[in-house]
Structure formats: structure tokens, C-alpha cells
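Architecture and fold: a report
Residues per chain are reported as follows:
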Amino acid sequence: GAGLSMHGRFRVATERTLFAMPECALGLFTDVGASYFLTHLLPENLGTCLALTGTRVRGGEMKAIGLATHYVPSWRLPYLEERIQDLGESGRDQKSVD
């Protein structure tokens, strides 16, 4: 899940998105992928807090803290998919998808 997708160029969240690491709530530590993005993509000690507490984060919050690069209502996902496809293989102009 997140350990793989967080390293992508586009991390899209909707009102239905829920970021959760249930293993943390059970006292287990995150895998190596999550350990990296929690400490490198998020501001301050927020990643450490998420890793230690297993706090769940919803779509809009994901965009606000940097877990998601884009937030769109789920009904607009087909439009977003078209915009991403229009970028071609390079996908260089990420801002044009907004």
C-alpha cells in the first residue's frame, strides 16, 4: 500500500481516502518504505508521531500535511485521470494537473 505508492509522482486523495497504519496501533513498527516517507515527506516530527501512534489521516488532511500531492472529489477522478494521461510519458508538468 502506502510504502509503495508514496514514492510516486502523483499521490491523489479524495474524501473517501483513509491513510492508516494499523500495525502501529498494535505495537509493531512500520516497514522500511513507510519509515522512509514518514521521515522525509512530512514536516517536523509528524511522521514520527504517525508511526508511533497509528493515527489515521483522511483525504483533505493528507494533502495539507504532504502525504497527498493532489486532493480531488471522487466524482472528478475520471477528469483527473484524463489530465494525467495528457501529460504523456514524461509527466513533467505536474502542476498542470491541479
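In short, a report on the structure.

Section: the overall build of the chain
Broken down by element type, the chain carries 6 helices and 4 strands. Written out in order from the N terminus, the α and β elements of the chain read α-β-β-α-α-α-β-α-β-α. Here the chain holds 98 residues, and 32% of them are scored as buried. Long-range contacts, defined as pairs at least 24 residues apart, comprise 67% of the intrachain contacts of the chain with a sequence gap of at least 6. Per element, the accessible surface of the chain, about 6400 Å² overall, is 54% carbon and sulfur.

Here's the deal with the packing of aromatic side chains
Think of a pair of aromatic rings as described by two things: how far the centres are apart, and how the planes are tilted against each other in angle. Across all of its chains, the model carries 1 aromatic pair by this definition. Relative to Phe37, the ring of Phe19 lies with its centre 6.1 Å away and its plane at 75 degrees, an arrangement referred to as edge-to-face. In this pair, Phe19 sits in strand β2 (residues 18-19) while Phe37 sits in helix α3 (residues 32-40), placing the two residues 18 residues apart along the sequence. Residue classification places Phe19 among the buried positions, given a relative accessible area of 5%.

Concerning the nonpolar core
Formed by 15 residues in total, the largest nonpolar core has its most connected members in Phe19, Met21, Phe37, Leu38, Leu50, Met62 and Leu67. Among the secondary structure elements, those contributing two or more residues to this core are α3 and α4 (46-53). It is α3 that provides the largest number of residues to this core, a total of 3 residues. For Met62, the residues in contact, after removing those within four places along its chain, are Ala13, Thr17, Phe19, Val57, Leu67 and Ala68.

A look at α4
Turning to α4, its buried residues number three or more, namely Gly47, Leu50 and Ala51. In an axial view of α4, the angular spread of the buried residues amounts to 95 degrees, which keeps them on one side of the axis. Of the residues flanking the end of α4, it is Gly54, one or two places downstream, whose phi is positive at about 70 degrees.

Rules of the game
Residues numbered from 1 in each chain as written. Predicted model: local features only at pLDDT ≥ 70, side-chain atom pairs only at ≥ 80, totals over all residues. Heavy atoms only, no water. Helix = DSSP H or I, 4+ residues; strand = E, 2+ residues; numbered from the N terminus. Buried < 20%, exposed > 50% of the residue type's maximum accessible area, 1.4 Å probe, protein only. Contact = heavy atoms within 4.5 Å. Areas by Shrake-Rupley, 256 points an atom, 1.4 Å probe, with all protein chains shown as cover. Phe/Tyr/Trp six-rings, centres within 6.5 Å; stacked < 30°, edge-to-face > 60°. Core = buried A, V, L, I, M, F, W, Y, C linked by side-chain atoms within 4.5 Å. Arc of directions from axis to C-beta.

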